[in-house]
Amino acid sequence: MELRRGKKRKVLINITSLIDVLFLLLIFFMVSATFLSQPAINLELPSAEHADVVRQKPLVVHVDQLGRIYLNDEPLDRMLLGDALEQRLRDVEDKAVVLKADSRVSHGSVIGVLDIIKGAGVTRLIVSTRPEE
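Quick caveat, the model's predicted, so the values are computed rather than measured.

J.: Help me out: how do you make sense of the packing of aromatic side chains in this one?
T.: Each pair of aromatic rings is reported with the distance of its centres and the angle of its planes. Under the defined criterion, the tally for this structure stands at one aromatic pair. Centre to centre, the rings of Phe28 and Phe29 are 5.3 Å apart; their planes meet at 70°, and the pair counts as edge-to-face. Assessed through its relative accessible area of 53%, Phe29 is described here as exposed.

Okay, here's the thing in structure tokens:
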């Protein structure tokens, strides 16, 4: 007696739903991941015991150890800071500016920058610090 051998069936594994789930997981982790944008400016922020956390993207003025001024990571001359702030504040509803001054910079330099910032029409000034350790 002779048995017929049929063609071997190829086994197909449908992985479409697996790929869909993997893409959904990838999108979920990309959207929910938190990325902190730290500038390339090396600052040592002063510490504060009673600091509030601010969750917004206002304009940021940096003053480094040597007294150089940066507006949103762009180097800027002290004389041009007021005009640049006024120009950028026109497009912003919340006229807030974050000041990040190095703890080693002189007090007079920081006060001078504060005066320029207030003169530009800023209504809300946030001085950035780090938590007390």
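We are not done yet, so read on.
J.: Before we go on, may I ask you to explain the nonpolar core in this structure?
T.: Nonpolar side chains in soluble globular proteins tend to end up buried together. Membership of the largest hydrophobic core comes to 18 residues, with the highest contact counts inside it found for Val61, Leu85, Val97, Leu99, Val113 and Ile117. Of all elements in the fold, only strand E2 (59-63), strand E3 (69-71), helix H2 (78-89), strand E5 (96-101) and helix H3 (107-119) reach the threshold of two or more residues within this core. Of all the elements, H2 adds the most residues to this core, at four residues. In this structure Leu99 touches Val61, Val63, Val110, Val113, Leu114, Ile117, Leu125, Ile126, Val127 and Ser128, once residues within four positions along its chain are discounted.

J.: How do you make sense of the pattern of salt bridges when you look at a structure like this?
T.: Where charged atoms from two side chains of opposite charge approach closely, those side chains can pair. Counted according to the given criterion, the structure contains three salt bridges. Of the charged contacts in the structure, one is a salt bridge between Glu74 and Arg88, with a shortest N-O distance of 3.1 Å. Here the residue Glu74 occupies a position in strand E4 (residues 74-76), and Arg88 occupies one in helix H2, the gap between them amounting to 14 residues. With its nearest N and O atoms 3.0 Å apart, the salt bridge here joins Asp102 to Arg104. Assessed through its relative accessible area of 2%, Asp102 is described here as buried.

What counts and how
Residues numbered from 1 in each chain as written. Predicted model: local features only at pLDDT ≥ 70, side-chain atom pairs only at ≥ 80, totals over all residues. Heavy atoms only, no water. Phe/Tyr/Trp six-rings, centres within 6.5 Å; stacked < 30°, edge-to-face > 60°. Buried < 20%, exposed > 50% of the residue type's maximum accessible area, 1.4 Å probe, protein only. Core = buried A, V, L, I, M, F, W, Y, C linked by side-chain atoms within 4.5 Å. Helix = DSSP H or I, 4+ residues; strand = E, 2+ residues; numbered from the N terminus. Contact = heavy atoms within 4.5 Å. Salt bridge = Lys/Arg side-chain N within 4 Å of Asp/Glu carboxyl O.

Just distances and angles here, no functional claims.
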